[in-house]
Number of protein chains: 2
Amino acid sequence: MRHEFKKKSRVMLIDDNYEHLSGIRELLNLEGTFDVVGIATNVTVGLNLIKKYQPDIVLLDMNMPERDGLQGIMEINKLGLNTKVLALSGYDDADLIFRAMKIGAKGYVLKTMASAQLIYAIEEVLNGKIYLPLALSSRFFEYFQKSFREETEKQNSQTDEENLLDALTQREEEVLELLTQGITYKGVANKLFISETTVKTHVNNIFQKLQVNDRTQAVLYAINNGFLTKKVKMAV
Amino acid sequence: MRHEFKKKSRVMLIDDNYEHLSGIRELLNLEGTFDVVGIATNVTVGLNLIKKYQPDIVLLDMNMPERDGLQGIMEINKLGLNTKVLALSGYDDADLIFRAMKIGAKGYVLKTMASAQLIYAIEEVLNGKIYLPLALSSRFFEYFQKSFREETEKQNSQTDEENLLDALTQREEEVLELLTQGITYKGVANKLFISETTVKTHVNNIFQKLQVNDRTQAVLYAINNGFLTKKVKMAV
DNA sequence: AAAGATATAGACCACATGGTCTACTTAATA
DNA sequence: TATTAAGTAGACCATGTGGTCTATATCTTT
């Protein structure tokens, strides 16, 4: 049997607090299974190092001046490498957590966490999982649900005024749909196998029902009031 | 000192599998701190019981025929009571988890979980937290990031073609913006203090740059290519 | 000083659009 | 059976829209 050993994981650290940076480096070195291939105190330098050393994972501080952590995550992901980002932050700011996860952080941990937990988080991420401690995922979900609730309420309030669109007959809806594609009367007539005059009649009825006086306004009304998304109807 | 005791939490169970239902009831009764105030094998009956007994928490099975679990969550929340929903499922279907959390489940647990963990989940939810075990939250986030990645890619591919809008001069953008409000040439002329002819000249230039041949198509192009949202510019 | 881009504006014309009225057919409803 | 709603379609006309060409005035850039 050949000389067998577990390959060390290549880690990079980016944090504008140098003391914290050193602390983590110490910790990871002591652990023995990690190889800290680079450290940086700002994103710009960090990005160059990442390009050069292509680490398996980057521990990235979120709360840095200038080019901040969120931008950092995006730019690292944009490199198209296989480098995973574990976000670090001193605070459990729900909005920040949400945005970081949204743009592709593989995990988010607080600086106040116990060392063992940080090690665990790093290992989980390295194993292809996404790691968010329970406390943070709880905060995340509150924020997540709140934003969806607001979205739903907004849609519902729109639905109340949407009755103008509901007044349209089937045929009128068909005509309006073609109008929203920027097709002329003649074009609509051909598509629906009816005369141009009939199209005009329908269009005039549509205008009256939607209380507008030209096609552009009708199209705008249709779009703003979810005419197109109506059929797709967000499946819960 | 008066007779002091911890008030039992009122729990309801909805699951079409009666055996599982009984099992959980047993478990919760043994625990001693819960009061199972009702059980149901379908959502319709369950809803009525919820209205009647107003439990603190409902354990709701996701995988039921007919009125399924997702609808159940929505309808329970629509009641406007203080009843929390903990979703139960046999499978860790990412899409189902995502949708359940999106519409307001306070937690999601697998039926295969250890009893102690289920008890813990219930208690967390009762304490106002949101509970998703690490394994499930990991699945959730994969799904979450995937959908956002797709959205971003779609936007980026749009951005590539967006140069047509970039070709517009300032004045042309102003004119286009007014067009997207369904204003006539005369109206635009008045708003911008220029002659109607000038507006027409601008509009013709816009058409050529956007490669369309009427205002409706120009407006559609503008909307579909983020002309209006350009200034708002989604802050990460 | 010349060239190019931008904003302005007039003239002319063909055609699309929108408004109004009438009228026929069919299907659903009272 | 009478009525109503929906879809069809013609006629007429005023006006809006879009295409093309020409022509200034500025301002920037070369």
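Below is a short write-up of the structure. (Residues numbered from 1 in each chain as written. Chains lettered and ligands numbered in written order. Predicted model: local features only at pLDDT ≥ 70, side-chain atom pairs only at ≥ 80, totals over all residues. Heavy atoms only, no water.)

**Thoughts on the sheet that holds strand 2 (residues 34–40) of chain B**
Residues and elements named next belong to chain B. Inclusion rule: Each pair of strands is called paired provided DSSP finds at least two bridges between the two strands. Only runs of H or I of at least four residues qualify as helices and only runs of E of at least two qualify as strands under DSSP, and these elements are numbered from the N terminus. To obtain each axis, a line is fitted to C-alpha atoms, and for helices this fit is confined to the stretch in contact; angles are then taken between N-to-C directions over 0 to 180 degrees. Whether two residues are in contact is decided by their heavy atoms, any of which lying within 4.5 Å being enough.
Read across the open sheet, the 5 strands follow the order 2-1-3-4-5; overall the sheet is parallel. Two strands bound the open sheet, and with one partner strand each, they are strand 2 and strand 5 (107–110). Taken pair by pair, the neighbouring strands of this sheet meet at an average axis angle of 25°, ignoring direction. Pairing of strand 3 (residues 57–61) with strand 4 (residues 84–89) involves 5 bridges; the strand directions are parallel. Pairing of leucine 59 across the sheet is with leucine 86, part of strand 4. Contacts between helix 5 (residues 115–126) and the sheet are confined to strand 1 (9–14), strand 2, strand 3, strand 4 and strand 5, with strand 4 contributing the most and set at about 155° to the helix.

**Section: the pairing of strand 2 (residues 34–40) of chain A**
A regular strand places its side chains so that they alternate between the two faces of the sheet. Residue and element names in this part refer to chain A. Convention followed: A 1.4 Å probe rolled over the protein chains alone gives each residue an accessible area, and that area as a share of the maximum for its type sets the label: buried under 20%, exposed over 50%, partly exposed in between. With its strands directed away from the observer, a crossover is right-handed exactly when the path from the first strand over the helix to the second travels clockwise.
Across the 7 residues of strand 2, 5 count as buried, placing the element largely inside the fold. Two strands pair when backbone bridges link them, and strand 1 (residues 9–14) and strand 2 are joined in this way by 6 bridges, in the parallel orientation. If you follow isoleucine 14 over to strand 2, its bridge partner there is alanine 40. What joins strand 1 to strand 2 is helix 1 (residues 18–31), and the crossover it makes is right-handed.

**Observations regarding the packing of helix 1 of chain A against helix 5 (residues 115–126) of chain A**
Residues and elements named next belong to chain A. As a reminder, the rule being used: Oblique is the label for any angle not covered by the other classes, which are roughly parallel (under 35 degrees), roughly antiparallel (over 145) and roughly perpendicular (65 to 115). Lys, Arg, Asp and Glu make up the charged group, whereas Ala, Val, Leu, Ile, Met, Phe, Trp, Tyr, Cys and Pro make up the nonpolar group; the residues left over, Gly among them, are polar.
At a minimum axis distance of 11 Å, the contact between helix 1 and helix 5 shows a crossing angle of 70°. In terms of orientation, helix 1 lies roughly perpendicular with respect to helix 5. Of the residues in helix 5, those in contact with Ile24, Leu27, Leu28 and Glu31 of helix 1 are Ser115, Leu118, Ile119 and Ile122. In terms of residue class, the contact of helix 1 with helix 5 is built from 6 nonpolar, 1 polar and 1 charged.

**Structural notes on helix 1 (residues 18–31) of chain B**
Residues and elements named next belong to chain B. Heads up, the rule is: One fewer than the residue count of a helix, multiplied by 1.5 Å, yields its expected span. Two N or O atoms form a polar contact when they lie within 3.5 Å of each other; inside protein one atom must be a possible hydrogen donor and the other a possible acceptor, and for residues adjacent in sequence the pair counts only when both atoms belong to side chains.
Here helix 1 spans 20 Å end to end across 14 residues, near enough to the 20 Å set by a 1.5 Å rise per residue. The N-capping residue of helix 1, defined by a side-chain oxygen 3.0 Å from the backbone nitrogen of glutamate 19, is asparagine 17. One or two positions beyond helix 1, positive phi appears at glycine 32, with a value near 90°.

**A short note on the sheet that holds strand 1 of chain A**
Residue and element names in this part refer to chain A. With respect to topology, 5 strands assemble into an open sheet ordered 2-1-3-4-5, the strand pairing being parallel. The open sheet has two edge strands, strand 2 and strand 5 (107–110), and neither has a second partner. Going from strand to strand, the sheet's axes swing by 25° on average, the running direction of each strand aside. Against the sheet, helix 1 makes contact with strand 1, strand 2, strand 3 (57–61) and strand 4 (84–89), and its axis sits at roughly 165° relative to strand 2, the strand it touches most.

**Let's talk about the protein's contact with DNA strand D**
What counts, and what does not: To be near a molecule or strand, a residue needs just one of its heavy atoms within 4 Å of it.
Close to DNA strand D lie 19 residues; A:Thr169, A:Ser195, A:Thr197, B:Tyr185 and B:Lys200 are nearest. Counting only atoms of DNA strand D within 4 Å of the protein, the fraction found in sugar and phosphate groups is 68%. In this structure, A:Thr201 approaches DNA strand D through a side-chain N or O atom, which is 3.4 Å from a base nitrogen. Between DNA strand D and B:Asn204, the relevant distance is 2.8 Å, taken from a phosphate oxygen to a side-chain nitrogen or oxygen of the residue. Ranked by the residues each element gives to the surface near DNA strand D, the list is headed by helix 10 (residues 196–210) of chain A, at 5 residues. In the surface near DNA strand D, the residues fall into 3 nonpolar, 10 polar and 6 charged.

**Re the relation of the copies chain A and chain B**
Both copies of the chain are tied together by a single rotation about an axis and a shift running along it. As a reminder, the rule being used: Least-squares superposition of the copies uses the C-alpha atoms of those residues scoring a pLDDT of at least 70 in each of them.
Aligned on chain B, chain A shows an RMSD of 0.7 Å; the corresponding rotation is 180° and the shift along the axis is 0.0 Å. The superposition of one copy onto the other is thereby described by a two-fold rotation axis. For chain A, the smallest separation between a C-alpha atom and the rotation axis is recorded for A:Thr216, amounting to 2.6 Å. Mapped onto chain B, 97% of the interface residues of chain A again fall at the interface, so both copies present the same surface.

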